[in-house]
Each structure stands twice: as structure tokens, then as C-alpha cells.
Amino acid sequence: MNKSQLAAYLERIDAALPDEALLYIYGSAAFILLDEPERTSLDIDVAAPYCRVNERVFRDAAANAGLPVNPEPDTTKDHIEWISALRLCLPKPSADSDIVLWRGRNMTVKTVAIPALIASKLIRYDAVDRSDVQYLLAQHPVALNDVAMAVRSLPPPFNQDAVVLENLKNLGNDMTVWIGSPL
């Protein structure tokens, strides 16, 4: 899905929700809504523990909008990944630094602050993740120390994961290449 398709899905979900809902997303869908050029995805990663929504009602609304929740892993159709606490590599939101990505009649879609969003990318930090991070840094420069603080606030075990910590060092090296210093 691209940005217009994602917005259409969100509009259909919003229209089907009877009450106010707050959804926290991250991953590629967040970057799509942050206007990263040519960014597409098959899924919307939802940080379930941080959301304020009746899950059953949300799943029904998503299904009615054409987005199954947690389908078979090999699906090639647009879908929602409802990420539980045990799989969630994303710091807790902070009301003073959250970013509103989309707002409908009943549903507001947010993501976490830029350093936290970057920290979430360090669990994998492949070429696509590096491109996402480079895009964010071009739009809103942040210091490596801010990302390091966000890494420390990741839920266990991610806050001390060897891959995340190694990729934090790799990010520092990349920032030196991209912007001349890790700020």
C-alpha cells in the first residue's frame, strides 16, 4: 500500500469505530504517513500495548476495511500486524513528544518521537531501515545520544539486545557519513 491506500484504509476503519480510539503505529506505515517518498508496505505495525481501543471492535473494523489482523506470515495481501508486548521493540510513547500521523472522526493515529522511532529500527537495521532513518534525519536531525536514550528505554530484552546495541554503533558511523557527525 502507498499513502493514499493507507489513508483510505484508515478512513474505512475510522468510519466503522463506534467510539474514540488511539492507535500507535511504527515501522513502514509510520514512514509512509511521514511522507517518505515512494515508501510502500504490505502491513501496518500496531504497537498494541500502547493503543486505546477495544481490540475486538478494532479487528472487526479492520476486517470490514479489507485489512485482516495477524494473517498467516506468508500473506501477500495488505494487513495489520497487531504487535504484542513480548514482540514490541518500541519505547513507550510520551504525550509531549508523540507525533500525530492521521486523525479521523473517531480514531487518531500516532507514532513515538523521532529518536524512539529510530531506536525501533535498530533491531534489524537493514538497507530499508537505514533508508528510513536517513530520511528521518534529513527531515528532523537528532543527536545520537537521544537515540541512545531511546534504546535504553526500549522494553526488555530489546534495551540490552546485542544486535540493537551493535546497530546503535553502526548508526553512529552512518550519521558521520550522512551528516558529518553523530551530532
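## Here we look at the packing of aromatic side chains
Across all of its chains, the model carries 1 aromatic pair by this definition. Between Phe-58 and Trp-82 the ring centres are 5.5 Å apart and the planes differ by 35°, which places this aromatic pair in the tilted class. Taken together, the residues Phe-58 in helix H3 (residues 55-64) and Trp-82 in strand S3 (residues 79-83) connect sequence positions 24 residues apart. Both residues of the pair, Phe-58 and Trp-82, belong to the buried class.

## Details of the packing of helix H5 (residues 127-139) against helix H7 (residues 162-179)
Packed helix pairs are characterised by how far apart their axes lie and by the angle those axes make with each other. Across the interface, H5 lies against H7 with an axial gap of 11 Å and an inter-helix angle of 55°. Accordingly, the angle class assigned to the pair H5 and H7 is oblique. The interaxial crossing formed by H5 with H7 has right-handed handedness. For the pair H5 and H7, the contacting residues are Arg-130, Val-133, Gln-134 and Leu-137 in the first and Leu-171, Asp-174, Met-175 and Trp-178 in the second. Class assignment of the residues belonging to the contact of H5 with H7 gives a composition of 5 nonpolar, 1 polar and 2 charged.

## Topic: the sheet that holds strand S4 (residues 99-103)
Taken together, the 5 strands give an open sheet; going across it, the order is S3-S2-S1-S5-S4, and neighbouring strands pair in mixed fashion. Strands with a single pairing partner mark the edges of an open sheet, and in this sheet they are S3 and S4. The average undirected angle you get between the axes of adjacent strands in this sheet is 35°. As defined by bridge partners, strand S1 (residues 21-26) adjoins strand S2 (residues 43-47) across 2 bridges and the pair is classed as antiparallel. Its bridge partner being in S2, Tyr-26 is matched across the sheet by Asp-45. H3 rests against S1, S3 and strand S5 (107-111) of the sheet, and its axis sits at about 165° to S3.

## Quick look at the packing of helix H6 (residues 144-152) against H7
As a packed pair, H6 and H7 sit with axes 11 Å apart at the nearest point and diverge in direction by 165°. Put simply, H6 runs roughly antiparallel to H7. Our pair here, H6 against H7, has a crossing hand that is right-handed. Taking contact as the criterion, the partners of Leu-144, Val-147, Ala-148 and Val-151 in H6 are, on H7, Val-164, Leu-165, Leu-168, Leu-171, Gly-172 and Met-175.

## A closer look at the pattern of salt bridges
Note that side chains of opposite charge can pair when their charged atoms are close. Going through the model one piece at a time under the given rule, you end up with 9 salt bridges. Linking Arg-59 and Glu-55 is a salt bridge whose minimum nitrogen-to-oxygen distance equals 2.9 Å. Of the two residues, Arg-59 and Glu-55 are both situated in helix H3; the distance of 4 residues between them amounts to about one turn of the helix. Given the relative accessible area of 33%, Glu-55 is considered partly exposed. Measuring nitrogen to oxygen at the nearest pair gives 3.1 Å for the salt bridge that ties Lys-121 to Asp-129. Beyond isolated ion pairs, a larger network of salt bridges with shared partners links Glu-36, Arg-39, Lys-121, Arg-124, Asp-126, Asp-129 and Asp-132.

The rules we used
- Residues numbered from 1 in each chain as written.
- Predicted model: local features only at pLDDT ≥ 70, side-chain atom pairs only at ≥ 80, totals over all residues.
- Heavy atoms only, no water.
- Phe/Tyr/Trp six-rings, centres within 6.5 Å; stacked < 30°, edge-to-face > 60°.
- Helix = DSSP H or I, 4+ residues; strand = E, 2+ residues; numbered from the N terminus.
- Buried < 20%, exposed > 50% of the residue type's maximum accessible area, 1.4 Å probe, protein only.
- Axes fitted to C-alpha atoms, helices over the stretch in contact; angles between N-to-C directions.
- Parallel < 35°, antiparallel > 145°, perpendicular 65-115°, else oblique.
- Left-handed = near helix turned anticlockwise from the far one by under 90°.
- Contact = heavy atoms within 4.5 Å.
- Nonpolar A, V, L, I, M, F, W, Y, C, P; charged D, E, K, R; others polar.
- Pairing = 2+ DSSP bridges.
- Salt bridge = Lys/Arg side-chain N within 4 Å of Asp/Glu carboxyl O.

Purely spatial values, then, with no claim about function.
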